[in-house]
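Each chain, letter by letter, is given below.
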Amino acid sequence: MMSVSPSSGACLSLCALMLGCQPTDELAVGRWTCSAAPLFIPKPDSGIAPGKDLAVDVGWRSDFEAGFCDYQQAHGFCYADPDAEYRLVDTPTHSGKRAAAFTITTAGGTDGEQTRCVREGLLPTAAYYGAWFYVPSGTASNGNWNLIHFQGATGDGTLHGLWDVSLSDDNDNFRPRVFQFRTGDWADPDPSVSLPRDAWFHLEFYWQRDATANGAIALYVDGTRVVQLDGIVTDDSDWSQWYVGNLADRLDPAESTIYVDDVSISGAPSAQ
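Predicted model only: the values in this text are computed from it and were never measured. (Residues numbered from 1 in each chain as written. Predicted model: local features only at pLDDT ≥ 70, side-chain atom pairs only at ≥ 80, totals over all residues. Heavy atoms only, no water.)

Draft legend 1. Focus on the sheet that holds strand β13 (residues 185–187). Overall, antiparallel pairing links the seven strands, which are arranged β4-β7-β17-β10-β11-β12-β13 in an open sheet. Among the strands making up the open sheet, the edge pair consists of β4 (77–80) and β13. Here the strands of the sheet are splayed against their neighbours by 20° on average, with no regard to which way each runs. (Pairing = 2+ DSSP bridges. Helix = DSSP H or I, 4+ residues; strand = E, 2+ residues; numbered from the N terminus. Axes fitted to C-alpha atoms, helices over the stretch in contact; angles between N-to-C directions.)

Set out below in C-alpha cells:
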C-alpha cells in the first residue's frame, strides 16, 4: 500500500522497434523504452496533451502480443525496481503466444520491491479494470502483496493512494482483499472465496469514481462478484493512475514471479 515513483533502467529500444513499437526518448524504464514517468510530458508544440489530461478510453486492452507497446502507444509506462524486472514469456499464457512476467526479490523491507505497468490520465467515470493473473505455488507472504493499485493526484500533482487489490494467504486461504486508502479499511470477500495457484484467474475491479458519497466499487473473481461497496466516496483526484503487476515487502522465498495477461478496461463485466 503505497504511492510510487518508477525507477530508471536499461534502454532496449531495439526490442520495441522489432515489435513495431516506435518508442519516445524521454525515459528508459525497465527493459523497454517508454514515455516519461510518472507523467507523460509531450514534446513542446507537439499538440499532444500531457498525461494528466489524456482521456483513458473504455475498450482499451493489452494481450502483450505486441510486447509492452500497448502501454507505450497509449502514453502509459512500465517500470522495475533495481532488483526487479518485467519481461515477455511464451509460457504460461492465458491467450495468444505471449504474457508478461513481473519478478521481484524482497528483502523484508517496509517499502517493498515492485515492477508494474501503468495507465494514467482521465480515467472513465465508471469502468471495469481487469487482468488475468497466474501465481506459481511455493511462495508465501506475511506482508503486503499487491497486484492492482490505483492512485490519483489533485492540485499540485502530488500522487496519493486510492484503492488496492492485494493477496492474502493467511491460514492457507489464498484470496484477494480490497484496501481503501481514504479510510484505511479492508474489504474482504467471504472466507469461502479462494484463488488457485499454478492456474490463471481473473480479477476485475469495478470503479464508479465520485468525490461525494455516491461512488461504488466491486471486485469480481472469475466473473463472480465477491466484494461490493456502494454509497461511498471513491475518488478525490483530478487524474489517476492504474497499476498492474507485482509488489511485495515480505515473501518466502524472497523471489517471486507473477504472470499477467489480457489486461482490459471495459464498460461491462467481462464474460468468462
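Draft legend 2. The pairing of strand β10 (residues 145–154), seen in detail. Here β10 lies mainly inside the structure; nine of its ten residues are buried. Relative to strand β17 (residues 239–248), β10 is paired through eight bridges, and the arrangement is antiparallel. Bridge assignment links Gly 152 to a residue of β17, and that residue is Ser 240. When β10 meets strand β11 (residues 158–168), the two strands line up antiparallel, connected through eight bridges. Bridge pairing in β11 links Gln 151 to Gly 161. Counting the residues that bridge the hairpin from β10 to β11 gives three residues, and of these Gly 155 lies at a positive phi of roughly 55°. (Buried < 20%, exposed > 50% of the residue type's maximum accessible area, 1.4 Å probe, protein only.)

Draft legend 3. Representation of the pattern of salt bridges. Applying the stated rule across the entire model yields seven salt bridges. With its nearest N and O atoms 3.3 Å apart, the salt bridge here joins Asp 53 to Lys 52. Classification of Lys 52 by relative accessible area gives partly exposed; the value is 32%. A salt bridge links Arg 250 to Asp 249, with the nearest nitrogen and oxygen atoms 4.0 Å apart. By relative accessible area, Arg 250 is classed as partly exposed at 32%. Asp 249 sits in the buried class, given a relative accessible area of 9%. (Salt bridge = Lys/Arg side-chain N within 4 Å of Asp/Glu carboxyl O.)

Draft legend 4. Representation of the environment of Tyr 259 within the structure. Its location among the elements puts Tyr 259 in strand β19 (residues 255–266). Spatially, the C-alpha atom of Tyr 259 lies 8.8 Å from that of Asn 246, the residues being 13 residues apart in sequence. Excluding residues that lie within four positions of it along the chain, Tyr 259 makes contacts with Val 89, Thr 91, Pro 92, Ala 100, Ala 101, Trp 132, Phe 133, Tyr 134, Pro 136 and Trp 200. (Contact = heavy atoms within 4.5 Å.)

Draft legend 5. Representation of unusual backbone geometry. Omega for the peptide link from Thr 91 to Pro 92 comes to -5°, which places this bond in the cis form. For Pro 92, the position within the fold is in the loop between β5 (85–89) and β6 (99–105). The step from Asp 252 to Pro 253 runs through a cis peptide bond, and the omega angle for that step is -5°. Its location among the elements puts Pro 253 in the loop between β18 (251–252) and β19. Of note in the backbone geometry, Asp 198 takes a positive phi value of approximately 60° without being a glycine. Here Asp 198 shows up in the loop between β13 and β14 (200–208). On the basis of relative accessible area, Asp 198 is assigned to the partly exposed category, the value being 40%. Of note in this structure, Asp 262 is not a glycine but carries a positive phi near 50°. One can find Asp 262 in strand β19.

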